[in-house]
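One letter stands for each residue in the lines below.
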Amino acid sequence: MATKNPSYTHMRSQNVTDYPNNNTFFLVWNFKENITPSKIQAVFQRVCALVINLNNSALDRFPNSRASCVMGIGYEAWIKLELPKPLPKELKKFEEIRGIKHTAVSTPGDLHFHIRADEKSYAYDVANIISDLMKDIAQCHVEVQGFRYWDSRSILGFVDGTENPHGQDREYFALIDEVDPSYRGGSYLFVQKYIHNLDAWKELSIKEQENVIGRSKEQDIEMDDQTKPANSHSALANIGDDLKIVRDNMPFGSVTSNEMGTYFICYASTFTTVEKMLTNMFVGNPPGNYDRILDFSTTVTGTLFFAPSIDMLDSFSA
Ligand code: HEM
């Protein structure tokens, strides 16, 4: 695909470091098999322009709504669309990570849209406008409508996001710098859809639940190292102060079917950090000491995308 020659002197990123908002749509689309590459490329160019347009429009129309849409591109889509080579250094197909009991599955995904807004109406409109364009060339395989649950709690009842980087650290940990100069301002976007076994979770006492997470439930205080179980989520997901990611998980689901879940989403300057966390959680550290949160949470999707800078999206657009 012919791309415009972008000017990389002033790099603008997509809204990857935004804080979680009240409402989110997550969409994963896969290109249809029977559509010509040139048709797919033509629509893709318009989608890039649309995403830029929608973000600008949100700023103008609803300046305080913290509304945004981030687009990510999967490895196979990058190849099919003939986007620049060499590829972002760590963009590849996510390989499943298998532990003795739990597996981080790998599922296909060509384009990912992460739509945030304080008002669900706005998120809905954006999802709708994008879908109108995408439906000719692709099928939506994942649609999750996430909501903010109380004071930013996961549906397991624990505050989710506390140990995220804050302030300028968010850019430091989420955005690519001169390590991969052609992709400066971009970010690795990794997602997993989890379904929880809430019946089993509710059978645990609050103390037992706190031991699963490694934090207190009501006050969200981290356990000290002597008290925190080695198989707790915070013990295994924390791989050091220099290796962080920006997470923006959202609860979702259906109450009556009891199919409630967490859409895990993170942005990282390097995918290796995410892989290390996943390996710690699923394989365990040491191997076998896996994350106890997985006994109550099953992954049904797992896909890596790359979220290019706005300037790069602009260079792809038509
Ligand atoms: C079932 C899905 C998940 C749920 C419900 C969940 C929930 C939580 C909660 C409640 C916390 C404690 C508060 C906080 O710092 O945010 C936490 C921490 C954390 N989670 Fe998760 N999480 C999930 C999956 C993941 C995955 C897949 C990763 C990494 C690939 C991850 C990485 C982290 C990290 C890095 C921390 C901070 C640890 C620390 O420094 O103390 N989480 N998560």
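It should be emphasised that the depicted structure is a prediction, and the values quoted were computed from it without experimental measurement.

**Q** Sorry, what's going on with the overall build of the protein chain here?
**A** Within the protein chain one finds nine helices and 12 strands. Taking 2.2 N^0.38 as the reference for a compact globule, 318 residues should give roughly 20 Å; the C-alpha atoms of the protein chain span a radius of gyration of 19 Å, in line with that estimate. Overall, the protein chain is about 55 × 40 × 40 Å in size when its C-alpha atoms are taken along their principal axes. Considering only contacts within the protein chain whose residues lie at least 6 apart along the sequence, 78% involve residues at least 24 apart.

**Q** Before we go on, may I ask you to explain the pairing of strand 12 (residues 303-307) in this structure?
**A** On a regular strand, each side chain points to the face opposite its neighbour's, so the side chains alternate between the two faces of the sheet. With respect to burial, strand 12 is a largely interior element, five of its five residues being buried. Residues T303, F305 and A307 of strand 12 are buried on one face, and the alternating residues L304 and F306, pointing to the opposite face, are buried as well. Pairing of strand 2 (residues 68-74) with strand 12, which is carried by two bridges, proceeds in the antiparallel orientation. In the strand pairing of strand 12, G74 is matched with F305. Of the strand pairs in this sheet, strand 7 (residues 187-196) and strand 12 are connected by five bridges, and their pairing is antiparallel. In the sheet register, Y188 faces strand 12, and the bridge partner there is F306.

**Q** I tried to follow unusual backbone geometry on my own but got confused; where do I start?
**A** With the exception of glycine, the majority of residues adopt a negative phi angle, and the majority of peptide bonds are in the trans configuration. Residues K85 and P86 are joined by a peptide bond in cis, for which omega reads -5 degrees. One can find P86 in the loop between helix 2 (75-80) and strand 3 (97-98). Following N285, the chain continues to P286 via a peptide bond in cis, the omega torsion being -5 degrees. Its place among the elements puts P286 in the loop between helix 8 (271-282) and strand 11 (297-299). Even without a glycine there, the phi angle at W150 is positive, about 50 degrees. In this fold, W150 is placed in the loop between strand 6 (138-147) and helix 4 (168-174).

**Q** Can you walk me through the site of the ligand in this structure?
**A** With respect to spatial proximity, 25 residues lie near the ligand, and among them E163, A237, N238, M277 and S297 are the closest. Going through the elements one at a time, strand 7, helix 7 (233-237), strand 10 (259-268) and helix 8 are the ones with two or more residues in the shell around the ligand. Broken down by class, the residue content of the shell around the ligand amounts to 11 nonpolar, 10 polar and four charged.

**Q** Explain the nonpolar core to me, please; I cannot follow it from the model alone.
**A** The tendency in soluble globular proteins is for nonpolar side chains to be buried as a group. Counting residues in hydrophobic clusters, the biggest one holds 86 residues, and the most contacted among them are C266, Y267, A268 and V274. Among the elements that line this core, the one with the most residues is helix 1 (residues 37-61), at nine residues. Other than its neighbours up to four places away in sequence, C266 contacts F190, I245, V246, R247 and V274.

**Q** Whenever I open this one, helix 1 confuses me. Can you help?
**A** When the terminal C-alpha atoms of helix 1 are compared, their 35 Å separation across 25 residues agrees well with the 36 Å that a helix rising 1.5 Å per residue should span. For helix 1, the complete set of buried residues consists of I40, V43, F44, V47, C48, L50, V51, L54, N55 and A58. Of the surrounding secondary structure, the elements contacted by the buried residues of helix 1 are strand 1 (23-31), strand 2, helix 2, helix 3 (120-134) and helix 9 (310-316).

**Q** Sorry if this is basic, but what is going on with the pairing of strand 7 here?
**A** Counted residue by residue, strand 7 has nine buried out of 10 residues, so it is predominantly covered. In this structure, strand 7 lies alongside strand 10, joined through eight bridges in antiparallel fashion. Within the sheet, the bridge partner assigned to F190 lies in strand 10 and is C266. Of the pairings in the sheet, the one linking strand 7 to strand 11 comprises three bridges and is antiparallel in character. Across the sheet, Y194 pairs through a bridge with T299, a residue of strand 11.

**Q** What should I look at first to understand helix 8 in this one?
**A** Counting along an α-helix, one turn takes 3.6 residues, and residues three or four places apart therefore face a common direction. Between its first and last C-alpha atoms helix 8 spans 16 Å; for 12 residues at 1.5 Å apiece the expected length is 16 Å, and the two agree. Buried within helix 8 are the following residues: F271, T273, V274, M277, L278, N280, M281 and F282. Structurally, helix 8 contributes buried residues whose contacts are with strand 3, strand 4 (103-104), strand 7, helix 7, strand 10 and strand 12. Looking one or two residues past helix 8, G284 carries a phi angle of roughly 105 degrees, positive in sign.

Conventions and cut-offs
- Residues numbered from 1 in each chain as written.
- Predicted model: local features only at pLDDT ≥ 70, side-chain atom pairs only at ≥ 80, totals over all residues.
- Helix = DSSP H or I, 4+ residues; strand = E, 2+ residues; numbered from the N terminus.
- Rg over C-alpha atoms; globule rule 2.2 N^0.38 Å.
- Contact = placed C-beta atoms within 7 Å.
- Buried ≥ 20, exposed ≤ 12 C-beta atoms within 10 Å, placed from the backbone.
- Pairing = 2+ DSSP bridges.
- Near = placed C-beta within 6 Å.
- Nonpolar A, V, L, I, M, F, W, Y, C, P; charged D, E, K, R; others polar.
- Core = buried A, V, L, I, M, F, W, Y, C linked by C-beta atoms within 7 Å.
- Expected span 1.5 Å × (residues − 1).

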